[in-house]
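Working through the structure, step by step
Here is what each chain is made of, one letter per residue.
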Amino acid sequence: LLRGVKVYPGYYDQEQQSLSDEKTALEEICDAYPQMTLGQVRNVLAAFLFRGDDVFKPIRTLSGGEKARISLCKIMLSESNFLLLDEPTNHLDITHQLQLLKIVKKLDATVISAIHDLNIAAMFCDRIYVLKNGEIVAQGTPREILTRELIREIYEVESDIVEDSKGNMHILFY
């Protein structure tokens, strides 16, 4: 493996094993980044939707989406500019899936992510690589490769590709 100049990788673990259940959200960030002031940590947590007393909740009491946001916050603070995300939306409800991916999209980083929901991938990915049996079988923009034919061939389901009034692509399965 040859790492490029000024490439700082970060890894998002879908199980959030790097979080300490006994700490609060505030403690998790303060302990990981002791050079930050309390005000800076609170501001960063607020950007990840932890406001007011939310920062004092123990990690063990947080939802999957909240834990995901804490993990992503830690990655962002690490100044990683190349992120590997292992199924970041796995086990999250739709609200938290969208919140998390909107945050990721705003980061100034290259992101490689495993996403199984094709509609979510179409919404947030600039390029998609479709795998079958561990091999890349298609690559390109969502509009280029997420076709009825490819979906039938790879996933063995019928679909229609539609566009909403805003021009966003949606895949209907049947």
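Going by the structure above, here's the rest.
Residues numbered from 1 in each chain as written. Predicted model: local features only at pLDDT ≥ 70, side-chain atom pairs only at ≥ 80, totals over all residues. Heavy atoms only, no water.

**Observations concerning the layout of surface pockets**
To keep things clear, this is the line we draw: Definitions used throughout: a 1 Å grid over protein atoms alone; a cavity as a set of points that fits a 1.4 Å probe which cannot get out; a pocket as an open set with protein on both sides within 12 Å along at least five of seven lines; a lining residue as one with an atom within 4 Å of a point. Grid points are joined across faces, edges and corners, and a volume is the space filled by probe spheres set on the points. Secondary structure is summarised from DSSP: a helix means a run of H or I of at least four residues, a strand means a run of E of at least two, and numbering begins at the N terminus for each. Classification used: nonpolar for Ala, Val, Leu, Ile, Met, Phe, Trp, Tyr, Cys and Pro, charged for Asp, Glu, Lys and Arg, polar for all others including Gly.
By volume, the largest pocket amounts to about 890 Å³. Together, 26 residues line the largest pocket, and Ile-112, Ser-113, Ala-114, Cys-125 and Arg-127 are the ones closest to its centre. Put simply, the parts of the chain that give the lining of the largest pocket at least two residues each are helix H4 (94–106), strand S3 (110–113), helix H5 (118–124) and strand S4 (128–132). Looking at the lining of the largest pocket residue by residue, the classes come out as 20 nonpolar, three polar and three charged.

**Looking at the nonpolar core**
What counts here: Nonpolar cores were defined as sets of buried Ala, Val, Leu, Ile, Met, Phe, Trp, Tyr and Cys residues, with membership established by side-chain atoms within 4.5 Å. Burial classes: relative accessible area under 20% of the type maximum marks a residue as buried, over 50% as exposed, and values in between as partly exposed (1.4 Å probe, protein chains only).
Grouped together as the largest cluster of nonpolar side chains are 28 residues, with contacts concentrated most on Leu-45 and Ile-70. Counting only elements with at least two residues in this core, the list comes to helix H1 (25–32), helix H2 (38–47), helix H3 (64–77), strand S2 (82–85) and H4. When residues in this core are grouped by element, the largest group, six residues, is from H3. Formed by 17 residues, the second largest nonpolar core is a distinct cluster that contains Ile-115, Ala-122, Leu-150 and Met-169.

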